[in-house]
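Listed below are the residues making up each chain.
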Amino acid sequence: MAAHVTPPSTYYKIFATLVALTIVTVIVAFFDLGRLNTVVALGIAVFKASLVLLYFMHLRHSERLTALVIGASFFWLAILMVHTLMDYVSRQWIPVPGK
Amino acid sequence: MATQYAVQPPDEERRVHYLNADYGIRSWLLTVDHKRIALLYLGTVTVMFAVGGLFAVLIRLELLTPTGDLMDSDTYNKVFTMHGIVMVFFFLIPAIPAVLGNFLVPLMIGARDLAFPRLNLFSWYLFVFACLFGVGAIASGGVDTGWTFYTPYSTSSSNTHVITATFAAFVVGFSSILTGLNFIVTIHRMRAPGLTWFRMPLFLWAIYATSLIIMLATPVLAITLLLLIVERAFHFGIFDAQLGGDPVLFQHLFWFYSHPAVYIMILPSMGVISELVATFTRKPIFGYTFVAYSSIGIAVLGFLVWGHHMFVSGQSVYAGMVFSLLSYLVAIPSAIKVFNWTATLYQGSVSFQTPMLYAFGFIGLFTIGGLTGLFLAATGLDVHVHDTYFVVAHFHYIMVGGTIMGYLGGLHYWWPKITGRLYPEGLAKIAAFIVFLGFNLTFFPQFVVGYLGMPRRYHMYPPEFQVLNVMSTAGASILGVGYLLPFVYLIWSMRYGRRATANPWGATGLEWQTPSPPPTHNFDVTPVVTEPAYSYPPIQHVRERVVG
Amino acid sequence: MAEAGHAAPLADEKHGLVSHQFEDVEQQRSAAALGMWAFLVTEVLFFGGLFLAYTVYRRLYPEAFAAGSHHLDVTLGSVNTLVLIGSSLTMALSVHAAQTGDNKALVRLLLATMLLGAVFLGIKVVEYAEKFRDHLVPGVHFHWHGPDEGHVRLFYGLYFMMTGMHAVHMIIGEGLLGWLVIQGRRGRFGPHYNTPVDLIGLYWHFVDIVWIFLFPLLYLLGRH
C-alpha cells in the first residue's frame, strides 16, 4: 500500500491538542468579548478541523489532488455563503423608491 | 487506402459483444457493464421524456384559445409544474451524461469500465425509484407550485402533493451525484497510457466539467428540498415570513443549484457538438485548448450568477447589479465555443449527415438562446420580461434547441457504435429538418408574445395574443412528429438496420477503434495513445493541388 | 479477459483483490480514495446549506439566537465534543492497526469507536428528550417563555435540522463501522489491504469535523 503510516504518538498528541482547544473554546465563551467571541470560537474550530484533516485524515501525506479537492469544497462553500450574504448585507445600501 | 465499408461481413452475426454476451432480464437488471446501464438509462429517460411531452401537449392545447376552456387554473398550474419537474429533473439533467456519458466515457479513455460499476447500477436504481415517486405524485393528483417550488406557497398554502414531488427530486439528485462522482474518478485515474488531459476528446472535458458542477451544486439542492419538506411538515419558520423566516432564502438556496443545473444540461451537449463538428469537417476543433478551458470556465462562473433569477424577488439592488455583471461574464466561455466551432468549419471538408445537421441546428439555436439570455441579464430589461413568455422562449431555445439537438445528434452519431446498426440516413435527415422547423415555429412566436407582455404560467391571455399562440401550438405538433420519427426508425434499425463497421464515420477517437457493438470489456488490449485528439490527415485544398 | 458484464475480482501476487476495470491494486486504491474524498465534497456543500441558513438568521436575530442557545445544555454538548474527538482518535488508531497487521487491536479499536459513537448518540437522545419535555421542538407544541418566540423557534428548527442531520450521518457511520468489525474479524484487512478501514475512517473524521463547527455555533452563543 502506498499510504503513509503515521505513528500512534502523533495521533495522541493531536488528540490532546484537540481536547485542550475544546476546553479553551468553552471557557472563552463564558467571557464577554463582544464580536471577538465569534471570531475566537470559529478560529479555534477552523484550527481543530485542520488538525483532524492534516493528521487523522492524513492530508499531510496525501497527494496534491486531495488537497485541491478539499480546498475546492471549502472555496465553493465560501461562494455559497459570501455571495448569498452579499444580498442580506446590502439590502439597505441602495434605496428602492417607496421604502 | 481501401474503400471504407459501412456494412459488416457475415461473421459479425456470430461475434460475441456486450448485447449478446448474456441474455435474460437478470443479465440486464443486475448488469454492471456501463454500456448496458447506459441503455437502461436510455429506456428510462425516453419514457420520462414522453411523460413530460404529454404535459407539453396539454399546455399547448390549452393555449390555443385565450380563455381557460380546456382546464381550470388549478389544473393548468399542475400541468406546467409537472412538465417542468419531469423535463428538468428526469430528462434534461440525466439524459446526455447518463446515456451517452455512461456509454462513452470508458471507451473514450481506453478503459474496460467506469471506476465504480456497481455504484453505476445503483445510480440507475435510484433514478428509477425517483421516477416512480415522480409518477406517483402525478398519479395521485399532481403538484401545482411550479418546478421551482417557491415558498411560502409550497410550504404553507399549496394543498397538492408537494412532499412526494420534492422527495422524488431529492432522490434523483443522489442518482446524479453518483454518476458525476464515477466520471470524475474515472477520468482522473483510468485514462489509457499516453492519454494526457490535453489529448482527451472535448466530450470528456465537457463531461468532466459537468461532473464538477453536479458534485458541488446538487448537495445544496438536496438540503434545500429537505428543508422544504421539513418546513411543510413542521412549520418551524425557516421560509415563512410570519415567523421571521425569509422566502428569498429559499430562492437563494434553490437557484444556487438550479442555475448551475442549466449548465449541467447544456455542457454535455456542447461536448457532443465538439465531437460532431470535428468528425464532419475532418479537422481538429479550432482552438482546442480554449474550448477545453471554456468548459471549466462555464462550470466555475456558472456558480456565481444565480441571482439573475431573482432580480424582482426582493433581493438587494446591489446584489442585482453584481449578479447582472457576472451573468454577462459567463456568456464569454459559451461564446468562445461557438466561435471555435464556426472557425473549425473554415477550410474543412464539411459533410451534411444527420448528426452534423443537428450540430448546425444547435449552433444557430443555442446562439439565439444565449443572446436572449444576455437580454435577461440586463436588470432594466428583465424587470419588464421577467415571468413572461420571453423567458420561456429563451430557456427552450437553450434546452430544446440546444441540449436536445445535441442529444439527438449524439444519439445518431454513436448509434452504430451502441447498436452495431446504421439508422436510415434519408429518413433521419427529413426528421432533423422537421425538428428544426417545428422547433422554430413553436418557440420563436413565444419571444414575440412574451415581449408584448404575455405572462407565463397563466392559462388565459388577452385575445390579441392568440395568433402567435396558435402558431406556437402548430409548431409543437410538427416538433412532435419530428421527435416521433427517430423514436420509430431508431428502434426499427436495431433489428433491420444495415450492420455497421467499427468506424462508419472514419472518425478519430478510441471508441471507434473497437468493434460495433463493442465487446463487454471494450478493448482486447489496452490502447496506447500517441497523438492529440482529432488528428485527421491534412485536407488537400483546391489551390494547393492546382499550384502544386 | 473478464466474463460478460460481471465484476469478478482477480487476485494478484500481492494477494489483494483487483476488480476487472482496474489495471492493478494501486490504481484501485487511489480510485477508491479519490471517490471518498469527492463524496466528502458533496457532504461539505450539503451541510453548508444549513450553515448558510444559520448565518443568515443569526445575523438578523442575534438576541433570539443567544437566548435559544443559552437554553441548550453546554455540559452535555462539551462532553459530546470530547467523546467524538476520542472516537476520531480510536478510528485513526484502528487504521494504524490495520496498516501494521495487528488484527486484534483493529477490531478492539473499531468497537471502541462504535462505543464512543453510541455514547454520543445516547447523549443526543437525552438532550432531544429534554427539548421535547420543554416544548422546544418546533411544531404545533412549540412554546417559548420569552420574547421573540418566532425567532427562537427558528433557532430550534435549525438546531434540530443541523444536529439531526449530523446524527443521521453518525448512525450511518455506526453501520459502516459494524460492517468493518465483521470483515475485520474475518481477517480481511492487513498491510496488503486496508482501504475500507482507511476510507470509512475519512467519513468518520468528516462527521467529527461537522460537529467541531456545530458545537460552538449552537451551544456557545450567549454564554456570557
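Draft legend 1. Broad picture of the overall build of chain C. Helix and strand counts for chain C stand at six helices and two strands. Helices and strands appear in chain C in the N-to-C order β-β-α-α-α-α-α-α. Taking the principal axes of the C-alpha coordinates as reference, chain C spans close to 70 × 35 × 30 Å. Within the span of chain C, comprising 224 residues, buried residues form 64% of the whole. Within chain C, contacts between residues at least 6 apart in sequence are counted, and of these 75% link residues at least 24 apart. Total accessible area computed for chain C in this model is approximately 8400 Å², and 65% of it derives from carbon and sulfur atoms. Both charge centroids of chain C, one from 14 positive and one from 18 negative side chains, sit 6 Å from each other.

Draft legend 2. Geometry of the nonpolar core. F89, F90, I238 and L249 of chain B are the most contacted members of the largest nonpolar core, which totals 298 residues. Among all residues touching L249 of chain B, those that are not within four sequence positions of it are Y88 of chain A, I238 and F239 of chain B together with L52, A53, V56 and Y57 of chain C.

Draft legend 3. How the structure looks around the side chain of H252 of chain B. Positionally, H252 of chain B belongs in helix α9 (residues 247-281). According to the relative accessible area criterion, H252 of chain B is buried, its value standing at 0%. Discounting residues that sit within four places of it in the chain, H252 of chain B has contacts with T84, D87 and Y88 of chain A together with W306, M310 and Q315 of chain B.

Draft legend 4. Just the pattern of salt bridges, in detail. For the structure shown, the criterion picks out nine salt bridges over all chains. Ionic pairing is found between R91 of chain A and D87 of chain A, a salt bridge with its closest N-O pair at 2.8 Å. You can call D87 of chain A buried: its relative accessible area is 0%. Across the salt bridge formed by E127 of chain C and K124 of chain C, the nearest N and O atoms sit 2.8 Å from each other. Of this pair, E127 of chain C and K124 of chain C both sit in helix α4 (residues 103-133), three residues apart, which is roughly one turn of the helix. Through salt bridges with shared partners, a single ionic network connects D87 and R91 of chain A together with D246 of chain B.

Draft legend 5. Structural view of the interface of chain C and chain A. Listed per partner, the contact involves 51 residues of chain C and 47 residues of chain A. Interface area, chain C with chain A, both sides summed: about 4200 Å², of which 81% is carbon and sulfur. Our enumeration of links across chain C and chain A arrives at four residue pairs in polar contact (both at pLDDT 80 or more). Mapped by element, the contributors of at least two residues to the side of chain C that touches chain A are α1 (25-60), α3 (74-100) and α6 (195-219) of chain C. In terms of residue class, the side of chain C that touches chain A is made up of 29 nonpolar, 15 polar and seven charged.

Draft legend 6. Local environment of the interface of chain A and chain B. Contact residues are listed per partner, giving 15 residues for chain A and 24 residues for chain B. Of the roughly 1800 Å² buried between chain A and chain B, counting both surfaces, carbon and sulfur atoms make up 74%. At the junction of chain A and chain B, the tally comes to two salt bridges. With a shortest N-O distance of 3.4 Å, R91 of chain A and D246 of chain B are connected by a salt bridge.

Draft legend 7. Representation of a nonpolar patch on the surface within the structure. All names here are of chain A. On the surface, a cluster of nonpolar side chains totalling about 670 Å² of accessible area is made up of I23, I27, F30, F31, L33, L36 and V39. When you line up the elements, I27 lands in helix α1 (residues 8-29). Under the relative-accessibility criterion, I27 is labelled partly exposed at 48%.

Draft legend 8. A look at the confidence of the model for chain C. Residue and element names in this part refer to chain C. Taken as a whole, chain C shows an average pLDDT of 91; of its residues, 93% reach a score of 70 or greater. For the stretch residues 1-14, pLDDT sits under 50, and the model shows 28 contacts to residues farther than four places along the chain or on other chains. Here the predicted complex scores 0.95 on pTM and 0.93 on ipTM.

Draft legend 9. Focus on the environment of L58 of chain B. Residues and elements named next belong to chain B. Tracing the sequence through the fold places L58 in helix α2 (residues 34-62). Relative accessible area serves as the criterion here: at 28%, L58 is assigned to the partly exposed category. Discounting chain neighbours no more than four positions away, the residues touching L58 are L70, M71 and V79.

Draft legend 10. Structural context of α1 of chain C. Residue and element names in this part refer to chain C. An ideal rise of 1.5 Å per residue puts 52 Å on 36 residues; α1 measures up with 53 Å between its terminal C-alpha atoms. Remark: the principal bend of α1, roughly 25°, maps to G48. Counted residue by residue, α1 has 31 buried out of 36 residues, so it is predominantly covered. If you check the start of α1, you find a side-chain oxygen 3.1 Å away from the backbone N of E26, and it comes from D24.

Draft legend 11. Examining the packing of aromatic side chains more closely. With the rule as written, the count across this model stands at 64 aromatic pairs over all chains. Between Y76 of chain B and F80 of chain B the ring centres are 5.6 Å apart and the planes differ by 70°, which places this aromatic pair in the edge-to-face class. Linking Y76 of chain B with F80 of chain B, this pair stays in helix α3 (residues 73-92), spanning four residues, or about one helical turn. Y76 of chain B sits in the buried class, given a relative accessible area of 1%. The ring of Y88 of chain A carries the charged tip of R91 of chain A above its face, separated from the ring centre by 4.4 Å. For R36 of chain B, the ring lying beneath its charged end belongs to W28 of chain B, and the centroid distance is 4.3 Å.

Draft legend 12. Structural context of the side chain of S294 of chain B. Note on placement: S294 of chain B falls in helix α10 (residues 288-301). In contact with S294 of chain B, other than residues within four places in its own chain, are P333, I336 and K337 of chain B.

Draft legend 13. Broad picture of the packing of helix α5 (residues 117-139) of chain B against helix α7 (residues 162-189) of chain B. Residues and elements named next belong to chain B. Viewed as axis vectors pointing N to C, α5 and α7 meet at an angle of 160°, and their least axial separation amounts to 8 Å. As summarised for this structure, α5 and α7 are arranged roughly antiparallel, according to the angle between their axes. Crossing handedness for the pair α5 and α7: left-handed. Of α7, the residues touching α5 (which contributes L119, N120, F122, S123, L126, F127, F129, A130, F133, G134 and A137) are T164, A165, F167, A168, V171, V172, F174, S175, L178, T179, L181 and N182. Of the residues assigned to the contact of α5 with α7, the class counts are 16 nonpolar, seven polar and no charged.

Conventions and cut-offs
- Residues numbered from 1 in each chain as written.
- Chains lettered and ligands numbered in written order.
- Predicted model: local features only at pLDDT ≥ 70, side-chain atom pairs only at ≥ 80, totals over all residues.
- Heavy atoms only, no water.
- Helix = DSSP H or I, 4+ residues; strand = E, 2+ residues; numbered from the N terminus.
- Buried < 20%, exposed > 50% of the residue type's maximum accessible area, 1.4 Å probe, protein only.
- Contact = heavy atoms within 4.5 Å.
- Areas by Shrake-Rupley, 256 points an atom, 1.4 Å probe, with all protein chains shown as cover.
- Lys, Arg positive; Asp, Glu negative; His and termini not counted.
- Charge placed at Lys NZ, Arg CZ, Asp CG, Glu CD.
- Core = buried A, V, L, I, M, F, W, Y, C linked by side-chain atoms within 4.5 Å.
- Salt bridge = Lys/Arg side-chain N within 4 Å of Asp/Glu carboxyl O.
- Buried area = accessible area lost by both parts, 1.4 Å probe.
- Polar contact = N/O pair within 3.5 Å; in protein donor to acceptor, adjacent residues only side chain to side chain.
- Nonpolar A, V, L, I, M, F, W, Y, C, P; charged D, E, K, R; others polar.
- Patch = residues over 30% accessible without salt bridge, like charges linked within 9 Å, V, L, I, M, F, W, Y side chains within 5 Å.
- pLDDT = per-residue confidence, 0-100.
- Expected span 1.5 Å × (residues − 1).
- Bend = angle between axes of the 7 residues up to and from the residue.
- Phe/Tyr/Trp six-rings, centres within 6.5 Å; stacked < 30°, edge-to-face > 60°.
- Lys NZ or Arg CZ within 6 Å of the ring centre and 35° of its normal.
- Axes fitted to C-alpha atoms, helices over the stretch in contact; angles between N-to-C directions.
- Parallel < 35°, antiparallel > 145°, perpendicular 65-115°, else oblique.
- Left-handed = near helix turned anticlockwise from the far one by under 90°.

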